[in-house]
Amino acid sequence: MTQDVNPQAADDNEPTDEESPAEPFDPATFDPATFQPEAVSEEEAKVAAEVLDFWAATRQYAGMASASIVVGPTVGETVPPQAWSFGDEPELAERLLDAVLTGDKTATSSALWDYDDEGAPLPVVGELSILLDSASHPRALIRTTSVETTTFEEVDEDFAAAEGEDDRTLESWRAGHEAYFRRNLQEGREFAPDMPVVCERFELLYPKR
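Criteria and cut-off values
- Residues numbered from 1 in each chain as written.
- Predicted model: local features only at pLDDT ≥ 70, side-chain atom pairs only at ≥ 80, totals over all residues.
- Heavy atoms only, no water.
- Buried < 20%, exposed > 50% of the residue type's maximum accessible area, 1.4 Å probe, protein only.
- Helix = DSSP H or I, 4+ residues; strand = E, 2+ residues; numbered from the N terminus.
- Pairing = 2+ DSSP bridges.
- Core = buried A, V, L, I, M, F, W, Y, C linked by side-chain atoms within 4.5 Å.
- Contact = heavy atoms within 4.5 Å.
- Patch = residues over 30% accessible without salt bridge, like charges linked within 9 Å, V, L, I, M, F, W, Y side chains within 5 Å.
- Areas by Shrake-Rupley, 256 points an atom, 1.4 Å probe, with all protein chains shown as cover.
- Salt bridge = Lys/Arg side-chain N within 4 Å of Asp/Glu carboxyl O.
- Lys, Arg positive; Asp, Glu negative; His and termini not counted.
- Charge placed at Lys NZ, Arg CZ, Asp CG, Glu CD.
- Phe/Tyr/Trp six-rings, centres within 6.5 Å; stacked < 30°, edge-to-face > 60°.
- pLDDT = per-residue confidence, 0-100.

Novice: Explain the pairing of strand 4 (residues 128-132) here, please?
Specialist: For a regular strand, side chains alternate in direction, first toward one face of the sheet and then toward the other. Along strand 4, five of the five residues are buried, which leaves the element largely enclosed by surrounding structure. By the alternation rule, side chains of strand 4 split into L128, I130 and L132 and S129 and L131, which are all buried. Across three bridges, the pairing between strand 2 (residues 82-86) and strand 4 is parallel. When the bridges of strand 4 are listed, A83 appears paired with I130. With five bridges connecting them, strand 4 and strand 5 (residues 138-151) associate as antiparallel partners. Bridge pairing links L132 to P138 in strand 5.

Laid out in structure tokens, this is it:
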């Protein structure tokens, strides 16, 4: 279960702020090459700066340091990966982040409908993400290792344990995720045992345990 926190910088050909309201800042689609700090709030500009600094300090853990010493950093190395936090509440975001940092949580799941409704791409193997805490400070770098779409009722005990939540049983996974989906599914969507769920596994690259 994730909550995305990043905005895409406006294209040069798009209307100016005087013609239309600025998009909210979103670290997941944040591109430092086009980002304009003056177009967002001071707090959002701070988040952007922190994400950039965090990525510069940790990209070596994703294998992106040695080549750039010789030829200079590539676009892929300078643009940070998506940055997001878990859950829909600060306390949940902190609890799940802590579980990642201790090694208890190596998986996460989301409703496939959320990707469909938002027109967002599904996660892919090898994709990097920066995990934020509830105050939008970058805390960890992870890499996706597997992605599978199944139904809620077909999620098994092994995956439930990998999510590292509550007592890590399938029963508690179902109870917690049903409650989460019921309060977060977009209008027109209703929880059902056969609803499609994206099950993603990942590895912690930084900080090293």
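Novice: Just checking my understanding: could you explain unusual backbone geometry for this structure?
Specialist: Comment: phi is negative for the bulk of residues other than glycine, and the bulk of peptide bonds are trans. Cis rather than trans, the peptide bond between Y206 and P207 has omega equal to 0°. Position of P207 relative to the elements: it lies in the segment after strand 6 (196-206). One non-glycine residue with positive phi stands out, namely S136, at about 70°. When you line up the elements, S136 lands in the loop between strand 4 and strand 5. Here the phi dihedral of R168 falls at roughly 70°; this positive angle occurs in a residue that is not glycine.

Novice: Explanation requested: the nonpolar core in the structure shown.
Specialist: One recurring pattern in soluble globular proteins is that nonpolar side chains are buried together. Membership of the largest hydrophobic core comes to 17 residues, with the highest contact counts inside it found for F152, W173, F181, L185, F191, M195 and V197. Considering each element in turn, this core owes the most residues, four residues, to helix 7 (residues 170-184). Setting aside its immediate chain neighbours within four residues, F152 contacts W173, R174, H177, E178, F181, F191, A192, P193, M195 and V197.

Novice: Help me out: how do you make sense of a negative patch on the surface in this one?
Specialist: A cluster of acidic residues, E148, E153, E154, D156, E157 and D194, forms a negative patch at the surface. By secondary structure assignment, the location of E154 is in the loop between strand 5 and helix 6 (157-162).

Novice: Help me out: how do you make sense of the packing of aromatic side chains in this one?
Specialist: By the definition in use, this model includes seven aromatic pairs. With centroids separated by 5.8 Å and ring planes inclined at 70°, the aromatic side chains of F54 and Y206 adopt a geometry described as edge-to-face. With F54 in helix 1 (residues 42-58) and Y206 in strand 6, the pair connects residues that are 152 residues apart, well separated along the chain.

Novice: Help me understand the pairing of strand 6 in this model?
Specialist: Two strands pair when backbone bridges link them, and strand 3 (residues 107-111) and strand 6 are joined in this way by five bridges, in the antiparallel orientation. Residue pairing across strands places S109 opposite C199, the latter belonging to strand 6. Note: strand 5 against strand 6, ten bridges, orientation antiparallel. Counterpart to T144 in the pairing with strand 6 is F202.

Novice: When you look at the confidence of the model for the chain in this model, what are you seeing that I'm missing?
Specialist: Residues shown with low pLDDT carry predicted positions that ought not to be read at fine detail. Across the chain, pLDDT averages 83, with 77% of residues at or above 70. For the stretch residues 3-22, pLDDT sits under 50, and the model shows 41 contacts to residues farther than four places along the chain or on other chains. Scored below 50 in pLDDT, residues 66-75 shows six contacts in the model against residues more than four places distant or in partner chains.

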